[in-house]
Amino acid sequence: MELLTSRQLVQAWTRLNRQQGRTIGFVPTMGALHEGHLSLVRRAVAENDLVVASIFVNPTQFGPNEDFNRYPREPERDAQMLQQAGCHALFLPQVEDIYPAGSSTRVTVSDVTEQLCGLFRPGHFQGVATVVAILFNLVMPTRAYFGKKDYQQWVVIRRMVTDLAMDLEIIGMETVRESDGMALSSRNRYLTPQQRQQALAISRGLRAALAAYQSGCREGHELVGLVMKTLEQAGIDRVDYAALHQIDSLAPAVRADAPSVLLVAAHVGGVRLIDNLELTTP
Ligand code: AMP
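On a predicted model such as this, the values are computed, not experimentally measured, just so you know. (Residues numbered from 1 in each chain as written. Predicted model: local features only at pLDDT ≥ 70, side-chain atom pairs only at ≥ 80, totals over all residues. Heavy atoms only, no water.)

Draft legend 1. Broad picture of the pattern of salt bridges. Under the defined criterion, the tally for this structure stands at 17 salt bridges. Where Arg43 meets Glu47, a salt bridge forms, and the shortest distance between an N and an O atom there is 2.5 Å. Of the two residues, Arg43 and Glu47 are both situated in helix H2 (residues 35–47); the distance of four residues between them amounts to about one turn of the helix. Owing to a relative accessible area of 31%, Arg43 belongs among the partly exposed residues under this scheme. With relative accessibility at 30%, the residue Glu47 sits in the partly exposed group. Notably, a salt bridge pairs Arg187 with Asp67, separated by 2.7 Å at the nearest N-O pair. Of this pair, Arg187 sits in the loop between strand E6 (169–173) and helix H8 (193–214) while Asp67 is found in the loop between strand E3 (50–55) and helix H3 (75–84), placing the two residues 120 residues apart along the sequence. When sorted by exposure, Arg187 lands in the same class as Asp67, which is buried. What you see here is one network of salt bridges that share partners, running through Glu74, Arg77, Asp78 and Arg189. (Salt bridge = Lys/Arg side-chain N within 4 Å of Asp/Glu carboxyl O. Helix = DSSP H or I, 4+ residues; strand = E, 2+ residues; numbered from the N terminus. Buried < 20%, exposed > 50% of the residue type's maximum accessible area, 1.4 Å probe, protein only.)

Pasting the structure below:
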């Protein structure tokens, strides 16, 4: 696996491989990799001539009181995992490779960002859209792979790509979970065993709502109520939101008649966790 540690190196790699007509799959990450990230890499390996992953803990998407400084950083372990998954190149930029001196251009996606996580993490999606746009310009991928675990992010990126006429395909991948239902996340490692047990209520609540949906329930407040009840019973008292939205547009939904998604953000032991589940009929 090639290690690309600067803007110049990744641009040279991209130029060479595009000239030779190779398709490039791209998996942007913040590192501390797990099976969720690797599922994106494996799919990218299956669909492209070459795959490049990036690891960059992007300062502009963290708020002042968030976990930027303590976000886990373990590039050697990550590089090994990527290599084993068949990744061809790893882009490991420094902050100045992404934001050169004087950097003052930001990408703002409106509407879809003005709800859900956007309300609780001001500036977060501007940081995400900006870094992803810069990474796309450097890597010039044929396809880029995102997890639906970060459902709103996935919608924001698709909006940006359409609006800015970016010439690539965005692929969304299902959330990889532990056998007990917990969504894999780099932030899970902050949790003590007891907190992890409590956090399990998030996926359990979503599954309870899915079961109700599968039995015919379509009322948004009932579906959301089931999630909230499960969180309350587990003693999770800081819930940023539990809400029903339409898939694709992410417009708020009163009922789940059209394909919908239930989204949750809640705090457990000072760790902010998100999860979601699509409610769609086969
Ligand atoms: P992150 O490193 O958290 O920025 O995530 C990098 C990419 O991996 C994003 O597209 C995430 O949505 C995706 N991802 C994170 N967790 C999971 C998961 N449990 N299953 C699938 N994809 C995931």
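Draft legend 2. Spatial organisation of the packing of helix H6 (residues 124–139) against helix H7 (residues 151–163). Packing of H6 against H7 leaves a shortest axis separation of 10 Å and a crossing angle of 55°. What the angle tells us is that H6 and H7 run oblique. Relative to H7, H6 is oriented so that their crossing is right-handed. Between H6, through Phe125, Val128, Ala129, Val132, Ala133 and Phe136, and H7, the contact on the second element is made entirely by Gln152, Gln153, Val156, Ile157, Met160 and Val161. The class makeup of the residues in the contact of H6 with H7 is ten nonpolar, two polar and no charged. (Axes fitted to C-alpha atoms, helices over the stretch in contact; angles between N-to-C directions. Parallel < 35°, antiparallel > 145°, perpendicular 65-115°, else oblique. Left-handed = near helix turned anticlockwise from the far one by under 90°. Contact = heavy atoms within 4.5 Å. Nonpolar A, V, L, I, M, F, W, Y, C, P; charged D, E, K, R; others polar.)

Draft legend 3. Focus on the site of the ligand. Near the ligand lie 17 residues; those nearest to it are Met30, Gly147, Asp150, Val176 and Leu184. With respect to the ligand, the backbone of Met30 contributes an N or O atom lying 2.9 Å from an oxygen atom. Residue Gly147 places a main-chain N or O atom 2.9 Å away from an oxygen atom belonging to the ligand. Look at the ligand: alone it shows 480 Å² of surface, and the protein chains cover 93% of it. (Near = heavy atom within 4 Å. Polar contact = N/O pair within 3.5 Å; in protein donor to acceptor, adjacent residues only side chain to side chain. Areas by Shrake-Rupley, 256 points an atom, 1.4 Å probe, with all protein chains shown as cover.)

Draft legend 4. Summary view of the environment of Ala211. Assignment of secondary structure puts Ala211 in helix H8. Given the relative accessible area of 38%, Ala211 is considered partly exposed. Along the sequence, Ala211 and Pro193 sit 18 residues apart, while their C-alpha atoms lie 27 Å from each other.

Draft legend 5. Broad picture of helix H1 (residues 7–19). Taking 1.5 Å of rise per residue, 13 residues should cover 18 Å, and H1 covers 18 Å from first to last C-alpha, within 8% of that figure. Of all the positions in H1, only Val10, Trp13, Thr14 and Asn17 are classed as buried. Down the axis of H1, the buried set is contained in an arc of 95°. They therefore lie on one face. Among the exposed residues of H1, those pointing more than 90 degrees away from its buried face are Gln8, Arg15 and Gln19. Each element contacted by the buried residues of H1 is listed here: strand E1 (2–4), strand E2 (24–29), E3, strand E4 (89–91) and H6. The first or second residue beyond H1 is Gly21, which carries a positive phi of 80°. (Expected span 1.5 Å × (residues − 1). Arc of directions from axis to C-beta.)

Draft legend 6. Just the side chain of Lys149, in detail. Checked against the element boundaries, Lys149 lands in the loop between strand E5 (143–147) and H7. Buried Lys149, no salt bridge; nearest opposite-charge side chain is Asp150, N-O distance 4.7 Å. Within the local environment of Lys149, its side chain forms a polar contact with the backbone oxygen of Ile274, the two atoms lying 3.4 Å apart. Excluding anything up to four places from it in sequence, Lys149 contacts Thr175, Ala183, Leu184, Ser185, Ile274 and Asn276. (Lys, Arg positive; Asp, Glu negative; His and termini not counted.)

Draft legend 7. Up close: the sheet that holds strand E8 (residues 260–268). Read across the open sheet, the three strands follow the order E7-E8-E9; overall the sheet is antiparallel. At either margin of the open sheet sits one strand with a lone partner, and together these are strand E7 (238–246) and strand E9 (271–279). Each neighbouring strand pair of the sheet contributes to a mean axis angle of 10°, computed without reference to strand direction. Sheet analysis places E7 next to E8, joined by eight bridges and oriented antiparallel. Residue pairing across strands places Val239 opposite Ala266, the latter belonging to E8. (Pairing = 2+ DSSP bridges.)

Draft legend 8. Quick look at the side chain of Asp67. Here Asp67 falls in the buried class, since its relative accessible area comes to 12%. Here Arg187 takes part through its side chain, which lies 2.7 Å from a polar atom of the side chain of Asp67.

Draft legend 9. Local environment of the sheet that holds E3. One open sheet holds the six strands; their spatial order is E1-E4-E3-E2-E5-E6, and the pairing between them is parallel. Whereas interior strands pair on both sides, the edge strands pair on one side only; in this sheet they are E1 and E6. The average undirected angle you get between the axes of adjacent strands in this sheet is 25°. Sheet topology note: the E3/E4 ladder contains three bridges and is parallel. Counted as the bridge partner of Ser54 is Phe91 from E4. Against the sheet, H6 makes contact with E2, E3, E4, E5 and E6, and its axis sits at roughly 150° relative to E2, the strand it touches most. Of the strands in this sheet, E5 and E6 touch H7, which is tilted by about 170° from E6.

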